[in-house]
Amino acid sequence: MSVKQIELKVAINCQQCKIEVLKAVTKLTGVDMVKLDAEKGILTVLGTVDPVCVATRIRKAGNHAEITSVGPPKPPEPIKPPEPEKPKPDPQPLPPCCKQCQLVAVSFVTYDSPPACSIL
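I will try to describe carefully the structure that is included in this document. No experiment lies behind these values; they were computed from the predicted model shown.

Parameters at a glance
- Residues numbered from 1 in each chain as written.
- Predicted model: local features only at pLDDT ≥ 70, side-chain atom pairs only at ≥ 80, totals over all residues.
- Heavy atoms only, no water.
- 1 Å grid on protein atoms, 1.4 Å probe; cavity = no way out; pocket = protein on both sides within 12 Å on 5 of 7 lines; lining within 4 Å.
- Points joined across faces, edges and corners; volume = space filled by probe spheres on them.
- Helix = DSSP H or I, 4+ residues; strand = E, 2+ residues; numbered from the N terminus.
- Patch = residues over 30% accessible without salt bridge, like charges linked within 9 Å, V, L, I, M, F, W, Y side chains within 5 Å.
- Areas by Shrake-Rupley, 256 points an atom, 1.4 Å probe, with all protein chains shown as cover.
- Salt bridge = Lys/Arg side-chain N within 4 Å of Asp/Glu carboxyl O.
- Buried < 20%, exposed > 50% of the residue type's maximum accessible area, 1.4 Å probe, protein only.
- Pairing = 2+ DSSP bridges.

## Looking at the layout of surface pockets
Here comes step 1: As a volume, the largest pocket reaches approximately 340 Å³.
Here comes step 2: For the lining of the largest pocket, the secondary structure elements donating two or more residues are strand S1 (4–10), strand S2 (31–37) and strand S3 (42–47).

## Notes on a nonpolar patch on the surface
Here comes step 1: Judged by side-chain polarity, Val52, Ile67 and Val70 come together as a nonpolar surface patch covering roughly 230 Å² of accessible area.
Here comes step 2: Position of isoleucine 67 among the secondary structure elements: in strand S4 (residues 65–71).

## So, the pairing of S1
Here comes step 1: With 6 of 7 residues buried, S1 is to be regarded as a mostly interior element.
Here comes step 2: One ladder, built from 6 bridges, connects S1 with S3; its direction is antiparallel. Each bridged residue has a counterpart across the sheet, and for leucine 8 the counterpart in S3 is leucine 43.
Here comes step 3: One ladder, built from 6 bridges, connects S1 with S4; its direction is antiparallel. Residue pairing in the sheet places isoleucine 6 in a bridge with valine 70 of S4.

This is the structure we're talking about:
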């Protein structure tokens, strides 16, 4: 089996989503490199792993995954002389948790009404 570059569109809403996706993919055998662009929501996997297995593992971890491209790995780009850097605004960090990841149990108790049951 030859080395492939697999690109998937994944839903990354928070830091916990990012960690779960990376853990799920790196556990697969045949994965050589994993790269995640959280801003664009693109996961790039390099290796001999089956693309369907990667998407299935991400879905089992609780995230949405859609295969966008599968092909041979791109050759490394030639190194260009560094250009003077322009000041870029800092990207906003991901929140620690999102509504998809966090399940909160909420109960409602009223203290104004008399108790329904009392023992005298």
